[in-house]
Amino acid sequence: MSTTLLLARHGQTVWHAENRYAGVSDVPLTDTGRAQAETLGRWAAAHPVDAIWTSPVSRAVVTAEPACRALGLTPHREPGLRECDFGVVEGRTLAEFAAEDPERAAAFRADPVAHPFPAAEDPLAAAARGTDALRRIAAVHPGERVLVVAHNTLLRLVLCTLLSVPPSEYRRVFPQLRNAAVSELRMEGRSAGLVSLNVPCEAGEF
């Protein structure tokens, strides 16, 4: 029996306007981000959602709160869904890092898995923990629809892993998961299929 996972990136944070890497940093939502969370909550109220899981990072937890209120659900927090640690680039932009260390920045752009930022989490390890988390969630909710609120890079790495895309291609194949947009993933056992990607909550029915 398949499980439908409705993957949503958290709302906009104060670092997103300048495209700064948030990673494990506890960065609050902007007013826009909170409005995006409310829109996601309205979308969840209008669609069948049986459970809500989130990353333990506050920006994901806060993004899920309107949906939890609307549905009367208690969110489950999954440590495996936390964002990747970006090491020395936490709080900085890729352009700032490139100005300081152009060779390492170029290597990251060419292959972000083989050449992660200095002191960053191993992207393959992050992909493995995130993939394991989604598989555990799917196993707990057979035949159900589950809203999962997490993070841009972590979810892109996981999508590559589940869809048999080389993880090194995550920046090219999935350039961005938009804030509070929904991507539908069907999971059954070890198999997964992507039904939709980056659907705005204002778009109505899937």
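Residues numbered from 1 in each chain as written. Predicted model: local features only at pLDDT ≥ 70, side-chain atom pairs only at ≥ 80, totals over all residues. Heavy atoms only, no water.

S.K.: Just checking my understanding: could you explain the packing of helix α5 (residues 123-140) against helix α6 (residues 152-162) for this structure?
M.R.: A packed helix pair is summarised by two numbers, namely the angle formed by the two axes and the spacing between the axes. Where α5 meets α6, the axes come as close as 8 Å, and the angle between the chain directions of the two elements is 75°. If you check the angle between α5 and α6, you find them roughly perpendicular. Residues Pro123, Ala126, Ala127, Arg129, Gly130, Thr131, Leu134 and Arg135 of α5 form the contact with α6, whose own contacting residues are Leu154, Leu157, Val158, Thr161 and Leu162. Tallied by class, the residues present in the contact of α5 with α6 amount to eight nonpolar, three polar and two charged. (Axes fitted to C-alpha atoms, helices over the stretch in contact; angles between N-to-C directions. Helix = DSSP H or I, 4+ residues; strand = E, 2+ residues; numbered from the N terminus. Parallel < 35°, antiparallel > 145°, perpendicular 65-115°, else oblique. Contact = heavy atoms within 4.5 Å. Nonpolar A, V, L, I, M, F, W, Y, C, P; charged D, E, K, R; others polar.)

S.K.: I tried to follow the side chain of Glu90 on my own but got confused; where do I start?
M.R.: By the element assignment, Glu90 lies in the loop between β3 (76-77) and α3 (94-100). A distance of 2.5 Å separates the side chain of Glu90 from the side chain of Ser25, its partner in a polar contact. Leaving out residues up to four positions away in the same chain, Glu90 has contacts with Tyr21, Ala22, Gly23, Val24, Ser25, Cys84 and Asp85. (Polar contact = N/O pair within 3.5 Å; in protein donor to acceptor, adjacent residues only side chain to side chain.)

S.K.: Where do I start with the pairing of strand β2 (residues 51-54) in this structure?
M.R.: Within a regular beta strand, the side chains point alternately toward one face of the sheet and then the other, so they alternate between its two faces. Taking every second residue as pointing to the same face, both faces of β2 are buried, with Ala51 and Trp53 on one and Ile52 and Thr54 on the other. Where β2 lies against β3, two bridges are found, and the strand directions are parallel. Bridged to Trp53 within β3 is His76. Read from β2 through helix α2 (residues 58-71) to β3, the crossover connection turns out right-handed. (Buried < 20%, exposed > 50% of the residue type's maximum accessible area, 1.4 Å probe, protein only. Pairing = 2+ DSSP bridges. Right-handed = clockwise from strand over helix to strand, strands pointing away.)

Purely geometric numbers; function is a separate question.
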